[in-house]
Amino acid sequence: MSLGRRLAIIGGFVGAGVLGVGFWFARERDRLGDRRLFNLKPDEAGLNGWVKIGRDDSVTVAIPRAEMGQGVQTALAMLVAEELDARWDQIRVEEPPESVVYRNVDILIDSLPFSPEESGSVVEAAHWIAGKLGGVLGVNATGGSTSVRDAWLPMRTAGAVARDLLLRAASRKAGLPVTDLTIVDGEVRKRDGAKVATFGALVDSVEGLAERPPPPLKKPAEFKLIGKPLPRLDILAKVTGQATFGIDVRQPGLLYAAVRNSPTFGGEALGFTLKQGKLPKGIEKVVIVPGGIAAVGTSWWKAERFLDQGVEVKWQPGPAPGLDTLGLWKRYEDLLENGEPALTRTLGTAVTTTSDRQQTLTAAYRAPYLAHTTLEPMNCTARVGPTGVEVWMPNQSPTLMRLAAARTAGVPQDRVSVHTTFLGGGFGRRAEVDLVRQAVSCALVLPERPVQVLWSREEDIRHDCYRPMALARWRAVLEMAGDKPKLVSVAKRQVAQSPSEQFPVRTVGLPAQKQPEGNAVENPPYAFPHYQLDAMVADGVVPVGFWRSVGHSHTAFFDESFVDELASALKKDPFDLRRDLLAGRPRHLKVLETAAREAGWGTPLPPGSGRGIALRASFGSIVAQVAEVSVPDGRSIAVKRVTCAIDCGPVVNPAIVRAQMESGIIYGLSAALFGEITLTNGRVEQGNFPDYDAVRLAEAPVMAVHLVDSGATDIGGVGEPGTPPIAPAVANAIFAATGKRLRSLPLRMVDG
């Protein structure tokens with residue numbers, strides 16, 4: 001990547017004016033927050049912005065990240081409970097108020113277009129600016145597998161500070177030196193084990209104690225909770241039906257809104273005509289909303305049927321009403337051949353000489369647009385009153401929802417409150433602000449009446465912010481050395497739209513930077529003699545956004561499929577080639593070898609079956625997967641078994657890590673076998689699960705997840721890294737079983 005291009009990234013931040021509000025030279029202790037910040041009730045005492053105690057001996061932990069099934073409430077609470085030495089049955093969790101204390105800095109840093117192994121002054125400057133920008137903006141967001149990574153130090157620090165405060169409070173209350181006291185199993189005791197005070201007995205004693213610098217954090221050998229498969233805190237509410245998802249919100253006087261979005265991307269409703277000349281009973285309003293039209297009524301079904309039968313809409317088409325998938329692929333092919341790269345990166349030493357002993361291996365790969373299809377339909381409830389705007393919704397960034405609601409209603413942000421419910425799936429889709437804009441637009445014309453906007457599955461699939469379609473071409477130069485070919489160099493060119501470019505334009509109005517999405521340009525871990533990447537950013541009206549594992553979801557397929565093709569050309573076993581190319585990468589190698597060993601790599605399989613292997617480092621973690629696939633009739637693909645190994649550094653809760661790997665495998669496998677969004681005449685052809693299918697229970701493979709301990713101290717993410725390796729592992733297994741190389745997703749043995 002050129003120095004000028006990299007400096008342009010930094011300059012783009014400045015040019016957008018986001019740094020004009022001033023730098024906040026944030027330190028970890030700045031994130032502790034005031035003791036009165038955390039929604040204190042009469043029988044509670046705040047220990048800092050993350051922790052409060054109650055007279056009932058409870059410890060309540062602030063969880064600013066969205067719980068969407070990934071176990072974040074449990075994992076973050078464990079960080080505090082560990083350093084506080086609380087009992088797990090004391091722990092409660094609660095959504096905190098809006099504050100920059102709860103910002104997510106890592107999510108901003110991860111969006112930069114650098115590979116993790118890159119270093120140098122420009123990279124460090126960009127990371128520094130992104131970190132400071134995170135402090136300035138104070139964005140509370142959940143995504144990029146950053147929740148635990150970002151909270152690893154701040155929340156442990158909050159627990160340690162809370163522990164110190166309770167020890168000093170007990171010292172003052174009991175008249176004993178602090179050095180004689182300790183905390184064991186959620187109560188203050190003397191060093192000899194005698195009980196001094198419960199946490200609840202110290203509610204009145206912490207007031208007035210001076211702040212002190214944070215004490216040292218525990219060493220891993222001292223952990224009592226971290227690393228244990230503690231039961232999740234959200235399970236009871238979910239299995240008993242007490243959990244409130246966005247779709248469950250019920251406010252007094254609630255109305256329901258169904259929506260029809262513009263049939264073509266970027267279109268708007270210009271007006272409408274009531275077929276019967278008036279609104280029927282049960283329909284309160286018809287409202288033109290951003291991107292479409294909404295019917296608001298006393299039930300969602302009445303509103304939905306009315307949009308089908310009772311109203312004619314005049315649409316202004318979007319800028320590309322004739323858009324179709326075939327035409328897009330042709331444009332991408334032209335960009336691949338002739339486009340100017342937005343980013344070029346080279347590693348290793350280029351060989352400029354040629355000889356007649358050299359040969360070229362070339363392969364092109366395709367990945368389609370993909371929808372998110374969260375299980376809980378897209379929804380948002382909003383109420384506009386004289387004091388401001390109130391929003392209830394499953395979302396991945398209360399900060400962005402507040403900003404969008406304020407702009408839509410024309411009120412200051414401090415007059416908007418956002419209540420984040422449980423999320424029935426997020427995957428990046430619920431970081432978008434389209435639903436809150438539509439809900440607030442409806443609520444504006446029905447003052448003081450809460451309105452719940454709910455999209456049908458068809459609206460969801462046809463008006464998503466999709467995983468980009470992408471095209472890549474790998475090329476390798478091989479040279480005969482005696483009777484064996486030798487690898488000389490590899491190069492990749494790829495084309496895709498950039499979610500990192502579109503998202504800030506769409507949500508907050510920042511100028512486009514024409515930069516590829518950072519995760520899509522991370523370097524493979526292999527020690528190629530010479531590697532070059534040229535990444536082109538495609539323009540387009542199709543909205544693209546963050547999808548589980550983002551750019552890794554398609555580039556892993558491109559990269560790991562081609563490594564297998566290299567193995568074939570070099571007459572090597574795919575596992576052996578990867579092992580050779582991972583020289584100097586002991587963590588990667590250990591993960592690869594664990595997956596291969598546990599899968600029985602090299603042992604016989606029945607006819608028509610094969611194993612495929614793939615490795616991907618993403619979001620601070622390293623994952624390898626071996627897929628065992630059967631193609632018994634040469635047409636149908638059955639994934640029988642998936643063996644997964646992960647090194648994510650320190651493991652907070654092994655049960656959550658295993659569950660997230662299994663979840664990522666199923667999500668990625670659904671995309672690999674079925675996922676495809678196609679366009680005709682500017683419209684999405686798919687509309688529901690019959691034509692946008694997913695892996696069913698009967699089709700799910702047997703899965704085994706192995707946690708690899710490399711001794712690494714940096715913590716990695718687990719929500720997304722399980723998804724990227726599965727598509728190439730399956731494609732490579734199909735080749736092993738049939739000799740047929742599939743280079744396009746979804747994987748099909750026959751066309752159609």
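What counts and what doesn't
- Residues numbered from 1 in each chain as written.
- Predicted model: local features only at pLDDT ≥ 70, side-chain atom pairs only at ≥ 80, totals over all residues.
- Heavy atoms only, no water.
- Helix = DSSP H or I, 4+ residues; strand = E, 2+ residues; numbered from the N terminus.
- Rg over C-alpha atoms; globule rule 2.2 N^0.38 Å.
- Buried < 20%, exposed > 50% of the residue type's maximum accessible area, 1.4 Å probe, protein only.
- Contact = heavy atoms within 4.5 Å.
- Areas by Shrake-Rupley, 256 points an atom, 1.4 Å probe, with all protein chains shown as cover.
- Lys, Arg positive; Asp, Glu negative; His and termini not counted.
- Charge placed at Lys NZ, Arg CZ, Asp CG, Glu CD.
- Pairing = 2+ DSSP bridges.
- Axes fitted to C-alpha atoms, helices over the stretch in contact; angles between N-to-C directions.
- pLDDT = per-residue confidence, 0-100.
- Patch = residues over 30% accessible without salt bridge, like charges linked within 9 Å, V, L, I, M, F, W, Y side chains within 5 Å.
- Salt bridge = Lys/Arg side-chain N within 4 Å of Asp/Glu carboxyl O.
- 1 Å grid on protein atoms, 1.4 Å probe; cavity = no way out; pocket = protein on both sides within 12 Å on 5 of 7 lines; lining within 4 Å.
- Points joined across faces, edges and corners; volume = space filled by probe spheres on them.
- Nonpolar A, V, L, I, M, F, W, Y, C, P; charged D, E, K, R; others polar.
- Core = buried A, V, L, I, M, F, W, Y, C linked by side-chain atoms within 4.5 Å.
- Phe/Tyr/Trp six-rings, centres within 6.5 Å; stacked < 30°, edge-to-face > 60°.
- Lys NZ or Arg CZ within 6 Å of the ring centre and 35° of its normal.
- Disulfide = S-S within 2.5 Å.
- Polar contact = N/O pair within 3.5 Å; in protein donor to acceptor, adjacent residues only side chain to side chain.
- Parallel < 35°, antiparallel > 145°, perpendicular 65-115°, else oblique.
- Left-handed = near helix turned anticlockwise from the far one by under 90°.

## Points about the overall build of the protein
Thought 1: Tallying secondary structure elements over the protein gives 17 helices and 27 strands in all.
Thought 2: On C-alpha atoms alone, the protein measures out to a radius of gyration of 27 Å, which is about the 27 Å that the 2.2 N^0.38 rule sets for 752 residues.
Thought 3: Based on the C-alpha atoms only, the size of the protein along its principal axes is roughly 85 × 80 × 55 Å.
Thought 4: Per-residue burial over the protein gives 57% buried out of 752 residues.
Thought 5: Considering only contacts within the protein whose residues lie at least 6 apart along the sequence, 77% involve residues at least 24 apart.
Thought 6: As displayed, the protein offers around 29600 Å² of accessible surface, 54% of which is attributable to carbon and sulfur atoms.
Thought 7: Each charge sign in the protein was given a centre, from 86 positive and 82 negative side chains, and these centres are 1 Å apart.

## Here we look at the sheet that holds strand β13 (residues 343-348)
For sheets, the rule is that strands pair by backbone hydrogen bonds, running either parallel or antiparallel.
Thought 1: Spatially, the five strands line up as an open sheet ordered β13-β21-β20-β19-β14, and their pairing is mixed. Looking along the sheet, the strands with just one partner apiece sit at the ends: β13 and β14 (358-367). Strand-to-strand twist of the sheet, defined as the mean angle between neighbouring strand axes without regard to direction, takes the value 15°.
Thought 2: Taken together, the 10 bridges between β14 and strand β19 (residues 470-481) define a ladder with antiparallel strand orientation.

## A word on the confidence of the model for the protein
Thought 1: Looking at the protein, pLDDT values average 93 and 92% of them are 70 or higher.
Thought 2: Here residues 1-29 is a poorly scored stretch, pLDDT under 50, and it has 62 contacts once near neighbours within four places are set aside; other chains count.

## Examining a nonpolar patch on the surface
Thought 1: On the surface, Ile235, Leu236 and Val239 cluster together into a nonpolar patch covering about 300 Å² of accessible area.
Thought 2: Among the secondary structure elements, Ile235 is positioned in helix α6 (residues 235-239).
Thought 3: Taking the relative accessible area as the measure of exposure, Ile235 reaches 38% and is therefore partly exposed.

## Some details on empty space enclosed by the protein
Thought 1: A full pass over the atoms with the stated rule returns four cavities of 30 Å³ or more.
Thought 2: Of all the elements in the fold, those that place two or more residues in the lining of the largest cavity are β20 (484-496) and β21 (530-537).
Thought 3: Here the residues of the lining of the largest cavity are counted per class, giving 10 nonpolar, five polar and one charged.
Thought 4: Its volume calculated, the second largest cavity comes out at about 90 Å³.
Thought 5: Forming the boundary of the second largest cavity are Pro368, Leu370, Arg467, Trp547, Ser553, Gly668, Ala671, Ala672, Gly675, Thr723, Ala727 and Leu745.

## A few points about the nonpolar core
Thought 1: Counting residues in hydrophobic clusters, the biggest one holds 76 residues, and the most contacted among them are Val490, Phe528, Phe562, Leu566, Val629, Val730 and Leu747.
Thought 2: Counting residues per element, this core draws most heavily on helix α17 (residues 726-738), which supplies eight residues.
Thought 3: Residues in contact with Phe562, not counting those within four places in the same chain, are Leu361, Ala363, Tyr365, Trp474, Arg475, Ala476 and Val490.
Thought 4: Ala45, Val59, Val61 and Leu79 belong to the second-largest nonpolar core, a separate cluster that totals 52 residues.

## Digging into the packing of aromatic side chains
Thought 1: Scanning the entire structure with this criterion turns up 19 aromatic pairs.
Thought 2: When the centroid spacing of 6.3 Å and the interplanar angle of 45° are considered together, the rings of Trp300 and Trp301 count as tilted.
Thought 3: The exposure class assigned to Trp301 is exposed, which follows from its relative accessible area of 54%.
Thought 4: In this structure an aromatic cluster arises from ring pairing among Trp474, Tyr526, Phe528, Tyr531 and Phe562.
Thought 5: Lying over the aromatic face of Trp152, Arg156 brings its terminal NZ or CZ to 4.6 Å of the ring centre.

## Some thoughts on the sheet that holds strand β15 (residues 379-385)
Thought 1: Across the sheet, which stays open at both edges, the seven strands sit in the order β10-β11-β8-β18-β15-β16-β17 with mixed pairing between neighbours. Of all strands in the sheet, those bounded by a partner on one side alone are β10 (283-289) and β17 (416-420). Taken over all neighbouring pairs, the strand axes of this sheet differ in orientation by 20° on average, direction set aside.
Thought 2: Here strand β8 (residues 255-261) pairs with strand β18 (residues 451-454) via three bridges, running parallel. Residue Tyr256 lies in a different strand from β18, and its bridge partner there is Gln452.
Thought 3: Across the sheet, helix α9 (residues 398-409) is in contact with β16 (388-393) and β17; its angle to β17 comes to roughly 140°.

## Here's the deal with the state of the cysteines
Thought 1: On inspection of all chains with the given rule, the structure shows zero disulfides.
Thought 2: You can see Cys442 has no disulfide; the closest cysteine sulfur is in Cys380, sitting 9.8 Å from it.
Thought 3: Taking the relative accessible area as the measure of exposure, Cys442 reaches 0% and is therefore buried.
Thought 4: We note that Cys648 lacks a disulfide partner, and the nearest cysteine sulfur, in Cys644, lies 10 Å from it.

## Concerning the side chain of Asn653
Thought 1: Relative to the helices and strands, Asn653 is located in the loop between β24 (638-647) and α16 (654-673).
Thought 2: Judged by its relative accessible area of 2%, Asn653 is buried.
Thought 3: A distance of 3.1 Å separates the side chain of Asn653 from the backbone oxygen of Leu230, its partner in a polar contact.
Thought 4: The residues contacting Asn653, other than those within four sequence positions of it, are Thr74, Met78, Lys228, Pro229 and Leu230.

## A short note on the packing of helix α13 (residues 552-569) against α17
Thought 1: The geometry of α13 relative to α17 is characterised by a closest axis approach of 8 Å and an angle of 30° between their N-to-C directions. In terms of orientation, α13 lies roughly parallel with respect to α17. When the axes of α13 and α17 are compared, the crossing they make is right-handed. Together, Ala556, Phe557, Glu560, Ser561, Asp564 and Ser568 of α13 and Ala727, Pro728, Ala731, Asn732 and Phe735 of α17 make up the contact between the two elements.
Thought 2: Partitioning the contact of α13 with α17 into residue classes produces six nonpolar, three polar and two charged.

## A look at the pairing of β18
Thought 1: Alternating residues of β18 divide into Val451 and Val453 and Gln452 and Leu454, and every residue in both groups is buried.
Thought 2: In terms of strand pairing, β15 meets β18 through four bridges, oriented antiparallel. Bridge pairing links Asn379 to Leu454 in β18.

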